[in-house]
Amino acid sequence: MKYNEISHFNHPKHKLRFEHSEFPFKCDGCKEVGIGSRYKCSSNTSCDYDLHTQCAMPSQTLYHPFYKKCSFQFMSHPPGTTARYCNACEKDVTGFVYHCKACGFDLHPCCAKLPMVLDDGEVQLYLYRKVSSPCHRCGRKGRSWSYRSACKNYNLHVACVREMLVENWHELYYAGRGGGGGRGGRKVEMSVLGLKNVLHSEHNKGKKKKKVKKCCEIAGLAVQFVISAVLGDPTAIIAGIVGSLMSRA
């Protein structure tokens, strides 16, 4: 359930207003990148505070089908003094987190609520804790959670998609606003489209020419869906700069 305006314990001075962002932002709760739906400080001051919807309205207790014996508790800071990482994407945990005290597992709020299935009626992608086939970006097996297509021709680590976005989010943000074109914009374009093209090549092996175009379109949608889910808004088809880059491939 979403509300147009909320109060949040981590930003008590001002109300947060629900809005849709076409450009990447950094969540002040989990400290991870986001896009699409968010809660933003509604104050007219220079306050720049943003939260993923998952961080704005967390569940106090969370259960995940991948960890059937675990009970994850929401925490505003990672427990203890040692560095912790998310068991879904393998990235550091530096802010809001779901933590299982019994097992010691940690999940970023967006990772904890990744959809088990991404389905638009044409492309179906299923979330797996582990898959035996290599990721099409890094070429490695295992590692992090993965999204795999129903036809088993696409496999993308959640970690790899997040890596690509985190590495380039500054360029992506400024390119989208017209302030970071040039090398920054080209770097993002090469990274995003490179991943898409790898999937195209893999899926088109042995395909007849008349099927190639359709396969390429599906591969592009697969990448978009996974990026949207990892950034915290699986319903967004990346309306901003990412979407325009995809459409040019």
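Residues numbered from 1 in each chain as written. Predicted model: local features only at pLDDT ≥ 70, side-chain atom pairs only at ≥ 80, totals over all residues. Heavy atoms only, no water.

Named according to an unreviewed UniProt entry, the protein chain is DC1 domain-containing protein originating from Crotalaria pallida.

## Focus on the overall build of the protein chain
Secondary structure summary: the protein chain contains six helices and twelve strands in total. Every one of the 249 residues in the protein chain was classed for burial, and the buried ones make up 52%. Once local pairs closer than 6 in sequence are excluded, the contacts in the protein chain between residues at least 24 apart make up 50%. (Helix = DSSP H or I, 4+ residues; strand = E, 2+ residues; numbered from the N terminus. Buried < 20%, exposed > 50% of the residue type's maximum accessible area, 1.4 Å probe, protein only. Contact = heavy atoms within 4.5 Å.)

## As for a nonpolar patch on the surface
Judged by side-chain polarity, Met116, Val117, Tyr126 and Tyr128 come together as a nonpolar surface patch covering roughly 310 Å² of accessible area. Mapped onto the secondary structure, Met116 falls in the loop between α2 (109-112) and β9 (117-119). (Patch = residues over 30% accessible without salt bridge, like charges linked within 9 Å, V, L, I, M, F, W, Y side chains within 5 Å. Areas by Shrake-Rupley, 256 points an atom, 1.4 Å probe, with all protein chains shown as cover. Salt bridge = Lys/Arg side-chain N within 4 Å of Asp/Glu carboxyl O.)

## Notes on the pattern of salt bridges
Counted under the stated rule, the structure contains six salt bridges. Arg17 is the partner of Glu5 in a salt bridge, and the nearest nitrogen-oxygen pair spans 3.6 Å. Within this pair, whereas Glu5 is found in strand β1 (residues 5-6), its partner Arg17 is found in strand β2 (residues 16-26), the two being separated by twelve residues in sequence. Its salt-bridge partner being Asp48, residue Lys40 comes within 2.8 Å of it at the nearest N-O pair. Classification of Asp48 as exposed rests on a relative accessible area of 54%. Ionic contacts of the salt-bridge type, sharing partners, join the residues Glu19, Arg38, Lys40, Asp48 and Asp50 into one network.

## Considering the pairing of strand β5 (residues 61-64)
Taking every second residue as pointing to the same face, the buried face of β5 carries Leu62 and His64, while none of Thr61 and Tyr63 on the other face is buried. Where β5 and strand β6 (residues 67-75) come together, three bridges link them in antiparallel fashion. Bridge pairing links His64 to Tyr67 in β6. If you look at the hairpin formed by β5 and β6, you'll find two residues sitting between the two strands. (Pairing = 2+ DSSP bridges.)

## Comments concerning the side chain of Arg84
Inspection of the secondary structure assignment puts Arg84 in the loop between β6 and β7 (97-99). Residues within four places of Arg84 in sequence aside, it is in contact with Pro78, Pro79, Lys91, Asp92, Val93, His99, Gly104 and Asp106.

## As for the sheet that holds β5
Reading across from one edge, β5-β6-β7-β8 is the order of the four strands in this open sheet, with antiparallel pairing throughout. The outermost strands of the open sheet, each flanked by one partner alone, are β5 and β8 (106-107). In this sheet, β7 lies alongside β6 in antiparallel orientation, the contact comprising three bridges. Within the sheet, the bridge partner assigned to Phe74 lies in β7 and is Tyr98.

## Describing the environment of Cys100
For Cys100, the location among the structural elements is in the loop between β7 and β8. A residue is classified by how much of its surface remains accessible, and Cys100, at 1% relative accessible area, is buried. The spatial distance from the C-alpha of Cys100 to the C-alpha of Gln73 is 6.2 Å, given a sequence separation of 27 residues. Dropping the residues within four chain positions of it, Cys100 is found in contact with Cys70, Ser71, Phe72 and Phe105.

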